[in-house]
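Residue-level structure breakdown
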Amino acid sequence: HFSRSMSESSDESILDGEDYYTFLNIPRDATDEDICNSYRRLSRLYHPDKHQHPDRKKEAEILFSKTKKAYEVLIDGHQRAIYDNLGVAGLATQGWEVVHRTKTPQEIREEYERLAREREERRLQARTNPKSSVSMTINATELFATGDDDTPYLDLRDIFGLPHIEISGMSLNQSIEAPLTSKDTAILSGQLSSHNGRGNGTLSCALRRVLSERGWAEVELGTGAGLSCSIKCFRSFYQGFFANAALQANVTPNGIRLGSIVTVANQLDQQTTAYLTWKLGTSNGLTTMVIRDTERLHAVASMHFGVPQSYVSMTYMHKMPDHEIKLKLTAKVGTFGGLLEYSVEKQVSLHSHFSATMSLGVPLGVQLRLRLRRASQTYTCNIVLCDDLLPAPIVYGTLLPLVGWVAIDRLIVKPFLDEQKRQNMARQRESNKVRISELKREAAAAVELMRETVKRNIDMEENKKGLVILKAMYGRLVSSEADQEEATDDVLNVTIQLQCLVKDSKLILQESSKCQLPGLYDTCPGEEKTLYVSYLFHALVHKVTIKDREGLRIPKQSHRVDQQ
């Protein structure tokens, strides 16, 4: 889906465009009646005929024009559909082919999405999609020697001298995709590997063609230990049910080996999918798998029956999006023995993830796997700690990566990211300095136009002991209790602006950035902002602090401040 919601726009885009919904203080699903009511309220406030002073009249003309523009766009179904998908830039585009008065808003959205898909296809034709992975295996079993009493201990000489640590294996994988047409893609991939002094490699080229919206087919030729050829296909039969199949032939000195894989999948519900895979050839087997994926967890249950191995496995992953951490536990039991894995994955930056996995098994022993994923590149280091299940390698393999990561995060990663964020914000402020100054003058003019209306509003609310805003601060607040905080370059006093929005002893703010409200502006683009409000209702003091994009409805009993 290529359309982007205005409510998810960045602070940078807020400086360049207008959020008409927030300016009118209405929800994104507002009805025509809601739009008209908000327009009439702001028109009474900003209409030039309401102001006699020449300077005030000029300022009112600017704000009234902005109010009228927001109303005209949102009340018109065609313009509103374009604005919802493209924002202000879409409305300003001359000769845009989807703007036909005979089309419905839904048809406009569909037409835009079609054009966006075509643009994306043209963009893909001009670039490749490189993917690579580097894997290394280190044999460190000599670190954990065994004394005469069969008690494992850590040999410090081996740690400092590293005489017995060696790289026993390494593999490199690289692939690129070259879109030939909107339906055809060429894929070139290669693989090199070495283990205990013996190496091999493969090179393959594939051509994939999209047959329809429901399927594709691919032909692949490869060489390495011998010539290989494979045919793959995918087909979606109906929503939630699809299948793929592959037929492969390898030419070896001993003859031609044939193999096939068929997978059928069915989406049981929105978050659960079941798979059934049948494999014939060098290793025959039948695998069934159920995967459930939600915002907070990822669980996999699978069973495999085949030759030479059969097994049952369970995997559970707990996601912590607030901390950008994933915890994973896997148990596997079969004819080969048993395996237990536990791992933690941390998102280091926007495109980088680091993970550490401990594997304990029979006859596997104890292994530690470190992995760094950077965009489409993957770097993996497998460290074989011990061939047997001994306490020492388990403890060291578990604790050392955690301690090492905490040290690196505190001493290197966090300072680097903080400095990078500070520099980006400084550049952003400098580039937006002129625009922020313009917004500041416009906000000050709006506040002056509100003063008379706000005075009448306060008198009316006080007479009925209704809602009166005592103090409201918006921006990068130092603390949640902003009673003593004064207005600065980063913090605005928005008491008048919010009181102007009070109607019938109620104040409702939508779930969007408050900087688009009349009389407000973004004081610190790219940084987190909060809104603090202290108000009277029924002659009792109430206080509340919310994040910038949180919605707010006052008065509320939970906001009341206990008074002795």
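Residues numbered from 1 in each chain as written. Predicted model: local features only at pLDDT ≥ 70, side-chain atom pairs only at ≥ 80, totals over all residues. Heavy atoms only, no water.

Going by an unreviewed UniProt entry, the chain carries the name DnaJ-like protein subfamily C member 11 and comes from Hirondellea gigas.

**Description of a negative patch on the surface**
Together, D29, D32, E33 and D34 make up a region of like negative charge exposed at the surface. For D29, the location among the structural elements is in the loop between α2 (20–24) and α3 (32–46). The exposure class of D29 is exposed, given its relative accessible area of 63%. (Patch = residues over 30% accessible without salt bridge, like charges linked within 9 Å, V, L, I, M, F, W, Y side chains within 5 Å. Areas by Shrake-Rupley, 256 points an atom, 1.4 Å probe, with all protein chains shown as cover. Salt bridge = Lys/Arg side-chain N within 4 Å of Asp/Glu carboxyl O. Lys, Arg positive; Asp, Glu negative; His and termini not counted. Charge placed at Lys NZ, Arg CZ, Asp CG, Glu CD. Helix = DSSP H or I, 4+ residues; strand = E, 2+ residues; numbered from the N terminus. Buried < 20%, exposed > 50% of the residue type's maximum accessible area, 1.4 Å probe, protein only.)

**Details of the UniProt feature "coiled-coil region" (unreviewed entry) in the chain**
As annotated by UniProt and renumbered to match this structure, "coiled-coil region" (unreviewed entry) occupies residues 422–456. Annotated as residues 422–456, this span is 97% helix and 0% strand, and its ends, taken at the C-alpha atoms, are 44 Å apart. (UniProt positions renumbered as here; feature names shortened; annotations may be inferred.)

**A look at the environment of Y342**
Within the secondary structure layout, Y342 lies in strand β16 (residues 337–347). Using a relative accessible area of 26% as the deciding quantity, one classes Y342 as partly exposed. Expressed as a C-alpha distance, the spacing of Y342 and T330, which sit twelve residues apart in the sequence, is 6.4 Å. Setting aside chain neighbours within four positions, we find Y342 in contact with K328, L329, A356, T357, M358, L360, I394 and T398. (Contact = heavy atoms within 4.5 Å.)

**Here's the deal with empty space enclosed by the protein**
A water-sized probe rolled over the atoms picks out the places where empty space is left. Counted according to the given criterion, the structure contains two cavities of 30 Å³ or more. Space inside the second largest cavity adds up to approximately 30 Å³. Its residues assigned to classes, the lining of the second largest cavity comprises seven nonpolar, one polar and one charged. (1 Å grid on protein atoms, 1.4 Å probe; cavity = no way out; pocket = protein on both sides within 12 Å on 5 of 7 lines; lining within 4 Å. Points joined across faces, edges and corners; volume = space filled by probe spheres on them. Nonpolar A, V, L, I, M, F, W, Y, C, P; charged D, E, K, R; others polar.)

**Description of the pattern of salt bridges**
Enumeration according to the criterion identifies 17 salt bridges in this entry. Here K319 ties to D293 by a salt bridge, and the two come within 2.8 Å at their closest N and O atoms. Within this pair, whereas K319 is found in strand β14 (residues 311–320), its partner D293 is found in strand β12 (residues 285–293), the two being separated by 26 residues in sequence. With relative accessibility at 15%, the residue K319 sits in the buried group. One salt-bridge network, held together by shared partners, links R476, D490 and E527.

**Things to note about the packing of helix α4 (residues 54–75) against helix α5 (residues 77–86)**
For the pair α4 and α5, the least separation of the axes is 5 Å and the interaxial angle reads 100 degrees. With respect to α5, the element α4 is oriented roughly perpendicular. Taken together, the residues of α5 that come into contact with α4 (itself represented by E72, V73, L74 and I75) are G77, Q79, R80 and Y83. Split by residue class, the contact of α4 with α5 holds four nonpolar, two polar and two charged. (Axes fitted to C-alpha atoms, helices over the stretch in contact; angles between N-to-C directions. Parallel < 35°, antiparallel > 145°, perpendicular 65-115°, else oblique.)

**Focus: the side chain of D548**
Locating D548 in the fold gives a position in the loop between β24 (540–547) and β25 (552–554). Within the buried core, D548 has no salt-bridge partner, and the shortest N-O distance to an opposite charge, that of K529, equals 4.5 Å. A polar contact is formed between the side chain of D548 and the side chain of Y474, at a distance of 3.0 Å. Separated by 2.9 Å, the side chains of D548 and S513 make a polar contact. Those residues in contact with D548 that lie beyond four places of it in its chain are Y474, S512, S513, K514, C515, K529 and T530. (Polar contact = N/O pair within 3.5 Å; in protein donor to acceptor, adjacent residues only side chain to side chain.)

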